[in-house]
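As a plain string of letters, each chain reads:
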Amino acid sequence: MSIPIYTYDAVIVGAGLAGNAAARELQKAGKKVAVITKLHPLRSHSGAAQGGINAAFSAKDSEELHMYDTIKGSDYLADQDAVAFMCNEAPKTIRWAERMGAVFSRTADGKIAQRPFGGQSEPRACYAKDRTGLTLLQTSYEQAHREGVLFFDEWYAADIIYKNGKISGVVAFNIRNMDKAIFNANAVMFATGGYARTYKINSNAHANTGDGLSIVARHGLPLEDMEFVQFHPSGLSGSGILISEAARGEGGKLLNSLGERFMSKYAPNAMELASRDVVARAIIEEIRQGRGVGPRKDAVYIDLTHLGAEKIMERLPELRDLAITFLGLDMIKEPILISATAHYSMGGIPVDIDGHVRKDNESFVEGFYAAGECACVSVHGANRLGANSVLEALLFGRHVGQSMAKDLDRGIALRPASLEDAQNMLDEMRFVLENNGTERVPELRTLLQESMTENAGVFRSEETLKKELVILDELEARYKNIRIEDKSKIFNTEMQEAIELGHMLDYARFIVDGALRRQESRGAHFREDFPARDDEKFLNHTMAYRDANGKIVSYPREVVLGRFEVKARAY
Ligand SMILES: Cc1cc2nc3c(=O)[nH]c(=O)nc-3n(C[C@H](O)[C@H](O)[C@H](O)COP(=O)(O)OP(=O)(O)OC[C@H]3O[C@@H](n4cnc5c(N)ncnc54)[C@H](O)[C@@H]3O)c2cc1C
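My aim in this report is to walk through the structure given alongside it, one point at a time. Just so you know, these numbers come straight off a predicted model, no measurement behind them. (Residues numbered from 1 in each chain as written. Predicted model: local features only at pLDDT ≥ 70, side-chain atom pairs only at ≥ 80, totals over all residues. Heavy atoms only, no water.)

**Focus: the overall build of the chain**
For the chain, the count of helices and strands is 16 helices and 20 strands. A principal-axis box enclosing the C-alpha atoms of the chain has dimensions of 65 × 55 × 50 Å. Out of the 571 residues in the chain, the part that is buried amounts to 62%. Pairs at least 24 residues apart make up 74% of the contacts formed inside the chain by residues separated by at least 6 positions. When the accessible surface of the chain is totalled, it reaches about 21,000 Å², and 50% of it is carbon and sulfur. Between the mean site of the 70 positive side-chain charges and the mean site of the 79 negative ones, the chain shows a separation of 2 Å. (Helix = DSSP H or I, 4+ residues; strand = E, 2+ residues; numbered from the N terminus. Buried < 20%, exposed > 50% of the residue type's maximum accessible area, 1.4 Å probe, protein only. Contact = heavy atoms within 4.5 Å. Areas by Shrake-Rupley, 256 points an atom, 1.4 Å probe, with all protein chains shown as cover. Lys, Arg positive; Asp, Glu negative; His and termini not counted. Charge placed at Lys NZ, Arg CZ, Asp CG, Glu CD.)

Here it is as structure tokens:
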């Protein structure tokens with residue numbers, strides 16, 4: 001079979017905020033860039049971000065305060081040099097986006113409006129109504145296009161070409177007709193987004209199956225801090241579709257079945273605006289104690305009625321529509337039902353501030369970069385603050401694009417690709433298409449999502465995590481025995497979903513393994529058997545890789561401290 005080999009200076013996988021921003025910078029610097037994306041760029045999950053993007057520029061705010069909040073919110077696991085870089089660059093990033101054409105909501109006197117979000121000392125989230133991500137995604141995509149970036153829409157990246165410590169391209173197939181291609185490049189960047197689809201109740205797009213992470217891990221490269229999955233306090237009951245933190249930022253009150261504003265018990269000062277992990281645990285605890293509401297008693301109320309119709313229509317119109325469509329409840333007239341939903345992945349592909357992918361604690365993979373949610377810089381540590389992630393994706397996307405352009409100018413060798421480089425992908429496709437077993441992909445996926453929610457969710461313990469490892473063994477064995485019905489080449493989404501399930505099974509094990517080893521509670525990771533934070537043993541990042549036998553091996557990486565003293569948590 002003949003497979004074309006295309007050659008570029010840089011190939012980027014992913015066309016969300018991080019991928020688009022990087023592609024624009026590279027093309028602007030005169031590089032030949034291709035972006036491979038399994039979705040149309042404007043369907044990337046970045047477009048779902050509702051609430052905002054942080055930058056300290058109001059009179060009472062400062063970059064220093066933004067850093068402090070981010071580090072405290074991270075439960076001191078964030079690398080303080082990376083946080084300092086992000087917070088200092090944030091105001092510039094907003095102005096950059098604005099000058100490229102992103103329209104932000106304004107105050108009456110014409111300044112960019114900012115709303116409060118959990119864990120922040122000042123209202124710091126800039127927004128475009130409750131469509132912030134979509135506005136920025138459209139702008140970044142338009143501008144990348146305008147520079148002449150080549151987009152391969154609906155192409156699925158299935159593998160990297162990695163040999164002797166160097167990456168030299170990506171192998172992909174066209175979802176439309178199964179055409180295959182090898183994208184040979186001096187530099188490759190992953191901007192493949194998050195991985196919360198491994199949980200049953202989640203706020204993520206269907207595409208957020210963490211492919212990028214398992215592709216990297218399958219080559220024995222490390223992943224970092226995978227145990228830290230953020231559960232957002234407010235997903236619509238049943239589906240997990242996000243009701244942005246903007247709802248609490250604008251004054252939403254959380255109530256249990258007794259009508260109590262229960263956050264007064266868990267975070268008497270910050271109340272509903274305590275950081276996400278605290279509010280998510282409070283909600284689940286209320287439900288566990290029998291004070292849940294709704295037909296299944298598995299939700300709590302968020303009450304926004306006191307804001308009035310005008311404010312809701314002005315600030316939260318999309319959220320109101322979502323609750324009407326999916327719950328039949330109008331937040332102008334009545335409280336709506338919410339519960340915690342798997343939302344964001346703090347862990348990912350380990351990188352330094354300039355986006356270089358770490359091979360281990362001492363060295364980097366030549367020609368390989370990552371940015372956005374799939375990367376772990378780490379600016380969020382154990383827990384991300386609201387509105388810091390759109391910022392991370394846009395800011396580091398842009399910065400890493402610039403850093404790649406500089407490295408390319410200094411010279412990154414091009415190792416010519418050959419047809420053998422496509423072999424892993426061809427084997428994977430053949431297995432999924434031709435395997436004649438008895439197991440169904442949707443059933444295995446549901447079992448994975450339900451068991452991860454049950455055993456490695458908001459609350460974890462040695463017992464539940466060990467149980468999950470056994471379930472993962474079973475599911476992996478059953479995966480080897482799958483069969484799909486659709487054997488055609490045109491939009492074979494059944495094949496794609498089977499490949500994606502393979503990825504989900506792979507990285508789920510990293511989440512569970514990391515959670516089991518971390519015998520403490522920090523940020524979003526809460527161990528019922530180790531409820532306290534243990535700085536003595538665990539104030540470090542988890543680096544983990546699969547050895548030649550497929551076993552996960554892990555080792556620590558030091559947290560970069562220095563600017564702010566590590567303190568006990570106070571709510
Ligand atoms: C509902 C929701 C609301 C949010 N609201 C906010 C908010 O208000 N503020 C905030 O700061 N953060 C928010 N976040 C988080 C934030 O939106 C994301 O972390 C951020 O946008 C991620 O951007 P990204 O560019 O890294 O990835 P994404 O936008 O997810 O893009 C990933 C890209 O990778 C591509 N891709 C993945 N795998 C493959 C593959 N195998 N082959 C080819 N292409 C592939 C996809 O096609 C896509 O283009 C929200 C998240 C959700 C889910």
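**Side note on the side chain of threonine 93**
As for its placement among the helices and strands, threonine 93 is situated in helix H3 (residues 80–100). Apart from residues no more than four positions distant in its own chain, threonine 93 is found in contact with Leu394 and Leu395.

**Concerning the sheet that holds strand E10 (residues 223–224)**
The strand order E10-E19-E20 describes an open sheet built from 3 strands, whose pairing is antiparallel. This sheet does not close on itself; its edge strands, each paired only once, are E10 and strand E20 (552–558). For strand E19 (residues 540–546) and E20, the ladder comprises 7 bridges, and the chain directions are antiparallel. When the sheet's bridge partners are listed, histidine 541 is paired in E20 with arginine 557. (Pairing = 2+ DSSP bridges.)

**Details of the pattern of salt bridges**
Between side chains of opposite charge, pairing is possible as soon as their charged atoms come close. Per the counting criterion, the structure on display carries 53 salt bridges. A salt bridge links glutamate 500 to lysine 38, with the shortest nitrogen-to-oxygen separation between them at 2.8 Å. Here lysine 38 lies in the loop between strand E2 (33–37) and strand E3 (53–54) and glutamate 500 lies in helix H15 (residues 493–517), a separation of 462 residues in the sequence. Here glutamate 500 falls in the buried class, since its relative accessible area comes to 7%. Residue classification places lysine 38 among the buried residues on the basis of a relative accessible area of 17%. As a salt-bridge pair, glutamate 272 and arginine 261 come within 2.9 Å of each other at their nearest N and O atoms. Of this pair, glutamate 272 sits in the loop between helix H7 (263–266) and helix H8 (276–288) while arginine 261 sits in the loop between strand E12 (253–255) and H7, and the two are 11 residues apart along the sequence. (Salt bridge = Lys/Arg side-chain N within 4 Å of Asp/Glu carboxyl O.)

**Thoughts on the sheet that holds E12**
Judged by pairing direction, the sheet is antiparallel, and its 4 strands sit side by side in the order E11-E14-E13-E12 without closing on themselves. Of all strands in the sheet, those bounded by a partner on one side alone are strand E11 (229–236) and E12. Geometrically, the sheet is characterised by an average inter-axis angle of 45° between neighbouring strands, direction not taken into account. Strand direction decides the pairing type here: E11 and strand E14 (residues 336–345), joined by 6 bridges, are antiparallel. Its bridge partner being in E14, glycine 235 is matched across the sheet by serine 339. (Axes fitted to C-alpha atoms, helices over the stretch in contact; angles between N-to-C directions.)

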